[in-house]
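Descriptive analysis of the structure
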Protein chains: 8
Amino acid sequence: MDQIEIKKLLENVAKGEISVEDALFKMKMQPFEEIEGMAVLDSHRGVRQGMSEVIYGAGKTPEQIDTIAHALYGGGQKTVLITRMSREAADYFHKDIPFTYHPDARIGIAGEKSEVKYSGTILVATGGTSDIPVAEEAAITAEVFGNKVKRLYDVGVAGIHRLLSHSEDIMNANVIIAIAGMEGALASVIGGLADCPVIAVPTSVGYGTALGGVTALLSMLNSCASGVSVVNIDNGFGAGYLASMINRMGEK
Amino acid sequence: MDQIEIKKLLENVAKGEISVEDALFKMKMQPFEEIEGMAVLDSHRGVRQGMSEVIYGAGKTPEQIDTIAHALYGGGQKTVLITRMSREAADYFHKDIPFTYHPDARIGIAGEKSEVKYSGTILVATGGTSDIPVAEEAAITAEVFGNKVKRLYDVGVAGIHRLLSHSEDIMNANVIIAIAGMEGALASVIGGLADCPVIAVPTSVGYGTALGGVTALLSMLNSCASGVSVVNIDNGFGAGYLASMINRMGEK
Amino acid sequence: MDQIEIKKLLENVAKGEISVEDALFKMKMQPFEEIEGMAVLDSHRGVRQGMSEVIYGAGKTPEQIDTIAHALYGGGQKTVLITRMSREAADYFHKDIPFTYHPDARIGIAGEKSEVKYSGTILVATGGTSDIPVAEEAAITAEVFGNKVKRLYDVGVAGIHRLLSHSEDIMNANVIIAIAGMEGALASVIGGLADCPVIAVPTSVGYGTALGGVTALLSMLNSCASGVSVVNIDNGFGAGYLASMINRMGEK
Amino acid sequence: MDQIEIKKLLENVAKGEISVEDALFKMKMQPFEEIEGMAVLDSHRGVRQGMSEVIYGAGKTPEQIDTIAHALYGGGQKTVLITRMSREAADYFHKDIPFTYHPDARIGIAGEKSEVKYSGTILVATGGTSDIPVAEEAAITAEVFGNKVKRLYDVGVAGIHRLLSHSEDIMNANVIIAIAGMEGALASVIGGLADCPVIAVPTSVGYGTALGGVTALLSMLNSCASGVSVVNIDNGFGAGYLASMINRMGEK
Amino acid sequence: MDQIEIKKLLENVAKGEISVEDALFKMKMQPFEEIEGMAVLDSHRGVRQGMSEVIYGAGKTPEQIDTIAHALYGGGQKTVLITRMSREAADYFHKDIPFTYHPDARIGIAGEKSEVKYSGTILVATGGTSDIPVAEEAAITAEVFGNKVKRLYDVGVAGIHRLLSHSEDIMNANVIIAIAGMEGALASVIGGLADCPVIAVPTSVGYGTALGGVTALLSMLNSCASGVSVVNIDNGFGAGYLASMINRMGEK
Amino acid sequence: MDQIEIKKLLENVAKGEISVEDALFKMKMQPFEEIEGMAVLDSHRGVRQGMSEVIYGAGKTPEQIDTIAHALYGGGQKTVLITRMSREAADYFHKDIPFTYHPDARIGIAGEKSEVKYSGTILVATGGTSDIPVAEEAAITAEVFGNKVKRLYDVGVAGIHRLLSHSEDIMNANVIIAIAGMEGALASVIGGLADCPVIAVPTSVGYGTALGGVTALLSMLNSCASGVSVVNIDNGFGAGYLASMINRMGEK
Amino acid sequence: MDQIEIKKLLENVAKGEISVEDALFKMKMQPFEEIEGMAVLDSHRGVRQGMSEVIYGAGKTPEQIDTIAHALYGGGQKTVLITRMSREAADYFHKDIPFTYHPDARIGIAGEKSEVKYSGTILVATGGTSDIPVAEEAAITAEVFGNKVKRLYDVGVAGIHRLLSHSEDIMNANVIIAIAGMEGALASVIGGLADCPVIAVPTSVGYGTALGGVTALLSMLNSCASGVSVVNIDNGFGAGYLASMINRMGEK
Amino acid sequence: MDQIEIKKLLENVAKGEISVEDALFKMKMQPFEEIEGMAVLDSHRGVRQGMSEVIYGAGKTPEQIDTIAHALYGGGQKTVLITRMSREAADYFHKDIPFTYHPDARIGIAGEKSEVKYSGTILVATGGTSDIPVAEEAAITAEVFGNKVKRLYDVGVAGIHRLLSHSEDIMNANVIIAIAGMEGALASVIGGLADCPVIAVPTSVGYGTALGGVTALLSMLNSCASGVSVVNIDNGFGAGYLASMINRMGEK
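Heads up: these notes are all about the structure in this document. (Residues numbered from 1 in each chain as written. Chains lettered and ligands numbered in written order. Predicted model: local features only at pLDDT ≥ 70, side-chain atom pairs only at ≥ 80, totals over all residues. Heavy atoms only, no water.)

**A look at the interface of chain D and chain C**
Between chain D and chain C, the residue contacts involve 33 residues of the former and 35 residues of the latter. Buried surface at the junction of chain D and chain C, both sides included, amounts to about 2800 Å², of which 61% is carbon and sulfur. At the junction of chain D and chain C, the tally comes to zero salt bridges. The interface formed by chain D and chain C holds six residue pairs in polar contact (both at pLDDT 80 or more) in total. Every element with two or more residues in the side of chain D that touches chain C is listed here: α3 (33-49), α9 (186-193), α10 (214-221), β9 (228-230) and α11 (236-249) of chain D. (Contact = heavy atoms within 4.5 Å. Buried area = accessible area lost by both parts, 1.4 Å probe. Salt bridge = Lys/Arg side-chain N within 4 Å of Asp/Glu carboxyl O. Polar contact = N/O pair within 3.5 Å; in protein donor to acceptor, adjacent residues only side chain to side chain. Helix = DSSP H or I, 4+ residues; strand = E, 2+ residues; numbered from the N terminus.)

In structure tokens form, the structure reads like this:
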């Protein structure tokens, strides 16, 4: 129940069109509508800001994903992003609505193609080729939310020239997502070159003391460059979502 | 060797005042001057963007801090931020230039007061009172870089109403810095309420299994809310710097 | 040697039917029978308190589970709870006695349905849908031991209003079991709202730095709310058992 | 704003005594008063339940502690518990109100002595003598909240008979707080003997692989006995508070 | 080259049956035969002490195990113990020599049955039934080396009376192997009851914070009882071998 | 209630001086007196076996240590070992009874010098000179319990010949205590040379990745040599006590 | 833009064939071509030094490996090393160019056999037989880069004589690669015997507290012998590559 | 007993000048003399190779250091390196022999200045200024062993141009020691630029998740560049020693 609805209710009480008891009941029945209203704003937020509802596919059955996605699409959401979606769930998905599946990124997109809404560019860079699935999750997420994305893959610091030869891209980006496993040094080097926020994504790429991404995570948290923050291991979606949030600010 | 120097060199070659061989030698001898030039841009970047040079005081002697700060100020930087500055270093500091010391935040500011440059607000929230020193490091850093800062201290999730009663501040912020030790749940709850980027700062507050901030860090990295990223334990400066970078984008 | 046996022995000594020496020898030979007797009391304890014997199914063969459960039922225990029971073991189970299987919770119940014995309510809340199997293990355990259970699933703190809209349930509970993976913040928020004991159950839900539940565990141990204690990762049974123990106290 | 206040407001609107705009403003101005009201209940809760406000002394100056404690006492709270209070803070404390200091437990109590309110007994047991400070923090906390406390110190499992000779105490307790460092086996053994909730408190007692209490914590979380839950390392207060909450249930 | 061989060589030199050069060459060719001799003693040691050569089956092919075992048996070793032997390797084994396979303990024994050589008893105790495979590895190893073994399974501390009812066995043992997963408290309780060396074996039994046996290991290393030492997680063979070494001392 | 008391009780029952009910009650009231009796045996055990009571000095005040030691000595114990005794406690100690203090090992010995009781030798070896305090704790403990001790210090594996040149000592020992920090390889090498039990003691010697002894501990637990078991980091006393237990077996 | 190109550009400026502005633009447009040129040197480096390009097979499809290897061979590289190559990829590989596959080491070699280029010997030693796959990865890598390799397998420190009997090999090596799992003591012992650089490779061989190679790693990092450095767990290739780099120095 | 001595002994046996029994006894009595001889070579090794004996000052008293250093100098060693030497020990040192103390590196040098023996250069690079003490330990160690050292301090990757502007130094070095704390990315970037062995030294510089150097260590072990190996945290001496060993090879 938002302010306008409350105002109407109060006016109706003033006009005698609704009894005090009924009005009380209505408000009692929705005691958290102010908060619920906040939640409504919350769900409106997506539409207003292009941050539409996202389905986290892991731990959901193909049937559940299919049902929720169709419900969201049916409910007016133009594009529905499904992350961590298995091939099996993608195969099961009823294709009566537009649907694309990105097997590398394990992302499904139901509904219309999203359009570019923001002028700034999000740069997605990876240390190696094995980091690409996480990078694609980030890049596609950002694209679905209306961002231009520039991909810069396999520019790890062991051959620093590969990275430096793209310094113009780094300079021109509004936000950079730096994705790396192993020692995760990419985030520090990019952080030192860039003058925009850098979101570092450690990946579980590597073996032995890579510790499933913990080494890259620790490395990124200790970046000697300023302007770098970190998300969970392999969390491409989180990085893409946050990058979109930041990029959107440039439009205000 | 910056563009102007290269241009001069080329002009001299064109005029025949320097031989091709000598010019080549000069460029060969300084093969990285273009990069050095980039470094010049780099140091210019601060001035241009309000991201002036910062002195990390830890591990530096009072003499060193004093010398560097005076040199930067003498070199034209209007405001010099000194983080992790000990009381001893602050006492030693030669007060022939304006100087303020914030003992809680262990921050010293030499030079002129910085003015507010950006219209957006950075909200700095803490879970408890023990997190305030880290919060002040973040808040003062953001202020020095020209941001309006709103402080919201001791709004930990154990009494969720304290936090909710400030939801307007949360809604109005451009960037939020959520600072908490112990279980670090503040970042998730704020992340769920806000529609702007949230920078989570774990603090070393707590005992036993707080593990010196590692628990809060892990908690924040696993936030179930989107739009949250994390910096190192107790890294108030890093959060303030990044928040300023993001807030600046709203001005473009 | 239980009290009845000791009494008989003493009577025989009194009657002169057994010599002091022989009686002494008998007691000496079984110096721990009193303790063995305590064990008898121990096993009686379950019957008296509704805490009937439970079969931990993990690491037991379908045959073993079947045999033990039938033995317990045959021995007079009205309801036999079998936790961590595989689908295979459930299929194998001889259905000559009443039997229900809950595949999500991996719980089997042999024997009669348990009745509600206590007036208080145990609230079982989860942060997400992936935590439900652990929650069901807790909830069904509590029900088998005679408790009323109220389920509140998917009320994670990222959308705090979902949780707050159920604050009446939280206020009315006698004991709350708060189950969450990832950052485990649910326990702190509920702990701040409730005025009854909160048993926190970390789950292995999440990826990367969720560390298989360790992050949620650490978070819960550091809860800034008082009245919260923690059990092992994914230990729904333990939480349900303890909750029942506490709820029973309200009946005394 | 509770239901009665809302009803009155609505009646006033119906009567025309307050304009729709003013009513709307009032509700808008206090959008979180329902929650704020819950918070009021929250602060009332203490008075109603004997769970009076507690001051966590760590990280607070002697002046701050003194001020807060006097304010609470002045505000009508009969007994003010101050945990983790340094000797220095105790010396500083203005003795114009009754005050006792327990140096071992680092607890200060300002105000009247608390009376026993509940008939059940809380048993506080420790593995060794070095665990006693944590035990006293738990015991005194429980006493301040109106509980009878039975202390059973230095009954570690290495001499199991010491523990067993007190099995009557174990059997008679309503709640048991089992406190141990090193290998923390006390919780399991007591858990196996008792038929009431056991709150396990790992302590930082030990050296080398005791890992500052982590070993005892892990051990307690893996207790093979049911009915055991765990709080943070050295968290005597948390255990005493929770034990009081549980013990209170027996009075309902 | 052992002492007897060296003596013979020297005698042959003395007799002139072998030239100094040839003798030197023979010794030069085997410059570490003294050490090699020590090794010979080493391999003799087994025969003399009943510590015959053991084949560690993990990482060896069925063919390799078969070949080595037959070679050892052919070379005069009466009993060949094969640990961590897969069912597949056992099936493959050529049964032209006596062979027994213990699937639980994953132990194969080729050759004659070993006889009891020492009068003392080794007690093998486990906390639960899931620890039995490790216990059998320890017990069978000890038996193969000529020890009498008493098994005491499923006497975990959660039901302390089960353990205490066997205190006579504990008092009578020469060495005790205490095997437990989860919180590993068995070692401490037995260590407190026994007056003989206790070898603690943590097992990987448990889930969540059992951490694959690390919790039990840490617990055992911090045993508050004296006389307890620890071997690697699940290392039943190591415990059986060491127990045999200690038990043998009673025979000297 | 010991056997004599039980016998008396039975006689009284036989004589009719006490009723069956009263006798039963008496036994019921003291169900653990047999265990209490076992505890008596337990405390006798020390005297009988030369394992006299030991005072663990850490966490005890000089006064407490002084009082307990005098009480034990006064109570008939000829030698009282005090481990982890500070210099301060040693200075405080009342010298009205014989007293020696070993500052390196932080051991105090009150009472008579202990005599050698066992013919076997315990070898105490260290990797470096920094391990000597732990080694002395082990060696003196073993001596106090009546063992002959041979010290072999600074024979770390980096200069393997130093160790090998003492192989006769290794061969002749009944038990070996191998003490090392850093990589702890000494235990493996000695374990490979010896044919007696080896007790490995990791020390906290080293820096960085020595992790305060954890590295040496892990190394020792994974020793490729059989017959090696491990005690807690820096636990010289535990090793000396266990070594004495094993050495004593050779005397039976 | 390499030196030759820059020289030409300068000559054109001198000749007036290109304007200063155009030349400046050209250099500005390719500010990293000098670095790109360095990259060219980088790729030349392999040819010049015998460090030809290597394909890391993990995470690459059989098709990708096949294509890259043929491209490198077609591009003039005589020998192409493929590490972590699956059997499947080896089977897929088009045999129109010479190809050998080492299943143990999971290494494929496409192209000509490499010749020995350096006179020094690299010694590859392992603690056990299970370490051999890692050792072969190291040994074959070193051979492909033109080194003589001496293999010394299964010389673990538990039987120190096995290692010592090969001390001549240790003395004669130019570089030693010491490979071991479990407690990793081999590196220390070899480091103490050798007077050349020792590259230690921890392996994931072992169970329980071997922690997947972390124990061996920690042990090797804390080697009490000087001249030892460490690479990642199971990183045979890295050790072989580095050993070759060091061995090559002896040829200068 | 070397080959010549053995030959003589055999000749004497052949001549009958020594009985077989006496010869056998002589060989039995000194079974490790060959190894002892090797040890002699070992101690000669230092003199021959310039790797003179080093005193590790940590854990040694000023007196001990003074005595050993004078003994070594008196025994003919020209230069004695003392690492981890406290200021106090340096002050105590008797200056009757030449002595220099480097307080930053905590290194003392007794005796003559060492001369440059090898033509190659060792480059010592650090990420920040706080790493300099470790770097100086490495650099001075290398200089004492006769190497030319080039220092390159504060060239961390956050400002990659600082490092790149010194690429000539990197290209010209024979060995590089890369020293960094925090995220330790320096090793990877240098490893990618250099074509010589890189010894990475993690330092304990940093806070929070720097984990006392563990993060830098893990990062360096996972370097995506080949040719990088790692030593213990803060182990400047080890790196300097190993670098000298490698550099020496270029002289052969």
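**A look at the packing of helix α6 (residues 132-144) of chain C against helix α11 (residues 236-249) of chain C**
Residues and elements named next belong to chain C. Between α6 and α11, the least distance of the axes is 7 Å, while the angle of their chain directions is 35°. Our pair here, α6 against α11, has a crossing hand that is right-handed. Residues V134, E137, A138, T141 and A142 of α6 pack against G236, F237, G240 and Y241 of α11. Taken together, the residues of the contact of α6 with α11 break down into five nonpolar, three polar and one charged. (Axes fitted to C-alpha atoms, helices over the stretch in contact; angles between N-to-C directions. Left-handed = near helix turned anticlockwise from the far one by under 90°. Nonpolar A, V, L, I, M, F, W, Y, C, P; charged D, E, K, R; others polar.)

**A closer look at the pairing of strand β4 (residues 107-111) of chain D**
All names here are of chain D. Counting buried residues along β4, five of its five residues qualify, which places the element largely inside the surrounding structure. In this structure, strand β2 (residues 79-83) lies alongside β4, joined through four bridges in antiparallel fashion. What sits directly across from L81, in β4, is I109. Judged from the four bridges that link them, strand β3 (residues 99-102) and β4 form a sheet pairing that is antiparallel. Bridge pairing in β4 places F99 opposite A110. Hairpin connection of β3 to β4: four residues between the antiparallel strands, including R106 at a positive phi of 50°. (Buried < 20%, exposed > 50% of the residue type's maximum accessible area, 1.4 Å probe, protein only. Pairing = 2+ DSSP bridges.)

**Brief notes about the packing of aromatic side chains**
Residues and elements named next belong to chain C. A complete count under the given rule lists 24 aromatic pairs over all chains for this structure. Pairing F237 with Y241 gives two aromatic rings, centres 5.8 Å apart and planes at 55°, and the pair type is tilted. Of the two residues, F237 and Y241 both sit in helix α11, four residues apart, roughly one turn of that helix. When its relative accessible area of 14% is taken as the criterion, F237 is described as buried. A relative accessible area of 10% places Y241 in the buried class. (Phe/Tyr/Trp six-rings, centres within 6.5 Å; stacked < 30°, edge-to-face > 60°.)

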